[in-house]
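# Residue-level structure breakdown
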Amino acid sequence: MKQRLPSLLAIRYFEAVGRNLSFTLAANELNVTQAAVSHQVRLLEQELGVKLFTRLHQRIELTKSGVELLDVAIECFGRLSDVTNSISKGKQSSRIHMSVSPLFSAHILMPQIGDFLSAEEDTEVVIHHSLAPPNDRETIYDIKLFFSRTPLVDEEYEFLLADKLIPMCIPALWRTHEEQPPAEFLRQVSIVHEFDYQWWEEWCERAAIDKSVVRRGLALDDPSVLENAALLGRGVILGSKRFLADHLNAGELIAPLGANNGIDIFYYLFVGRMQRHRDVAKFAKWIRSVCAELKDK
């Protein structure tokens, strides 16, 4: 039986619009007029009998049908690109530049990114570590994964997962102080800070403890070193409840003061509109799937 397929040209134009969420950017990418792109997308919607985009005042959004079709279109065009590259003499690698916080990189990307690179052999990922949110002054990255201390309402920032910073230390450090109230415990042990006193001062404010108790000790500028300091018994840290869960579950670290006064952290994904080519879209999709698995745990 002959398969009935829509126009490949229309699908290609739709895929470019869907990735960029812009008819103008899609037209620039395809080197055609915006009218030509709009025409092909409209023909595709008529042929399928569904709306693929919701057209708002100054932007567009994918409908449920549009999201479903875009996922398949990106995958199909990506596979076509892989096959044509593999049989051509001019096979080239694609390079993705990513900015990510060191903690997320160490605990999420490094253990699992091998799966993505094995599946996408012609893709290189260059990782830059940064704690800064997206801004106009830094280098343009294809993908930026960053955290915020408050929930963000911005259509360009896609929420991935939430975390909480809570007091952590090795069991031996707590064992000799477990009968003491929290303020006295913190007064008698070493405090290890990330960068400065800000995080611990905020925790003390939530716990109704005098901030002066924590204005001392080590200050480290690397989350991985902070984690190691806690494991070596150098003091109490404000550690990631999500990313240090393995250490907590193994009993290597404990949360002696609980999580009630923990500081909320929110992780977001940002993909610049000018960087939404297919390889970036596939990598962003992989990041989403990894984070979705984490949220289910």
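Placed above this text is the structure.
The structure presented is a predicted model; accordingly, all values stated were derived computationally and were not measured.

Conventions and cut-offs
- Residues numbered from 1 in each chain as written.
- Predicted model: local features only at pLDDT ≥ 70, side-chain atom pairs only at ≥ 80, totals over all residues.
- Heavy atoms only, no water.
- Helix = DSSP H or I, 4+ residues; strand = E, 2+ residues; numbered from the N terminus.
- Rg over C-alpha atoms; globule rule 2.2 N^0.38 Å.
- Contact = heavy atoms within 4.5 Å.
- Areas by Shrake-Rupley, 256 points an atom, 1.4 Å probe, with all protein chains shown as cover.
- Lys, Arg positive; Asp, Glu negative; His and termini not counted.
- Charge placed at Lys NZ, Arg CZ, Asp CG, Glu CD.
- 1 Å grid on protein atoms, 1.4 Å probe; cavity = no way out; pocket = protein on both sides within 12 Å on 5 of 7 lines; lining within 4 Å.
- Points joined across faces, edges and corners; volume = space filled by probe spheres on them.
- Nonpolar A, V, L, I, M, F, W, Y, C, P; charged D, E, K, R; others polar.
- Core = buried A, V, L, I, M, F, W, Y, C linked by side-chain atoms within 4.5 Å.
- Buried < 20%, exposed > 50% of the residue type's maximum accessible area, 1.4 Å probe, protein only.
- Expected span 1.5 Å × (residues − 1).
- Right-handed = clockwise from strand over helix to strand, strands pointing away.
- Pairing = 2+ DSSP bridges.

The next subject is the overall build of the chain. Helix and strand counts for the chain come out as eleven helices and ten strands. At 24 Å, the chain has a C-alpha radius of gyration far larger than the 19 Å of a compact globule built from 297 residues. Seen along its three principal axes, the alpha-carbon backbone of the chain occupies a region of about 75 × 45 × 40 Å. Long-range pairs, those at least 24 residues apart, make up 73% of the contacts in the chain between residues at least 6 apart in sequence. Accessible surface, the chain: about 16300 Å² in total, of which carbon and sulfur atoms supply 51%. Looking at the chain, you have 34 positive and 40 negative side-chain charges, and the mean spots of the two groups are 6 Å apart.

The tally for this structure, following the rule as stated, stands at one cavity of 30 Å³ or more. Taken together, Leu165, Val192, His193, Glu194, Trp199, Trp200, Leu226 and Leu238 form the lining of the largest cavity. The element contributing the most residues to the lining of the largest cavity is strand β7 (residues 192–194), with three residues. The class makeup of the residues in the lining of the largest cavity is six nonpolar, one polar and one charged.

This part covers the nonpolar core. Among the nonpolar cores identified, the biggest contains 59 residues, and Phe104, Ile143, Leu186, Trp203, Tyr267, Phe283 and Ile287 are the most heavily contacted of them. Counting residues per element, this core draws most heavily on helix α11 (residues 278–296), at eight residues. In this structure, isoleucine 143 is in contact with His97, Met98, Ser99, Leu269, Phe270, Val271, Val280, Phe283, Ala284 and Ile287, ignoring residues within four places of it in sequence.

For the rest of this paragraph, the subject is the layout of surface pockets. A probe matching the size of a water molecule, rolled over the atoms, marks out where space remains unfilled. Put simply, the largest pocket is a space of about 980 Å³. Taken together, 33 residues make up the lining of the largest pocket; nearest its centre are Gly18, Leu70, Asp71, Glu158 and Arg288. Contributions of two or more residues to the lining of the largest pocket are made by α1 (8–20), β2 (60–62), α4 (64–87), α5 (102–119), β6 (157–168), β10 (263–271) and α11. Tallying contributions element by element places α4 first for the lining of the largest pocket, with eight residues. Within the lining of the largest pocket, the residues separate by chemical class into 15 nonpolar, two polar and 16 charged.

It is worth spelling out the environment of proline 133 at this point. Positionally, proline 133 belongs in the loop between β4 (123–129) and β5 (143–148). Each C-alpha atom of the pair proline 133 and serine 99 lies 9.6 Å from the other, and the pair is 34 residues apart in sequence.

Attention now goes to α5. Taking 1.5 Å of rise per residue, the 18 residues of α5 would be expected to cover 26 Å, and the 24 Å separating its terminal C-alpha atoms lies within 8% of that figure. All of the buried residues along α5 are Pro102, Leu103, Phe104, Ser105, Ile108, Leu109, Ile113 and Phe116.

Strand β3 (residues 94–100) sits mainly inside the fold: five of its seven residues count as buried. Between the parallel elements β3 and β4, the chain passes through α5 in a crossover that is right-handed. Of the strand pairs in this sheet, β3 and β5 are connected by three bridges, and their pairing is parallel. Bridge pairing in β5 places serine 99 opposite lysine 144.

Geometry only, nothing functional implied.
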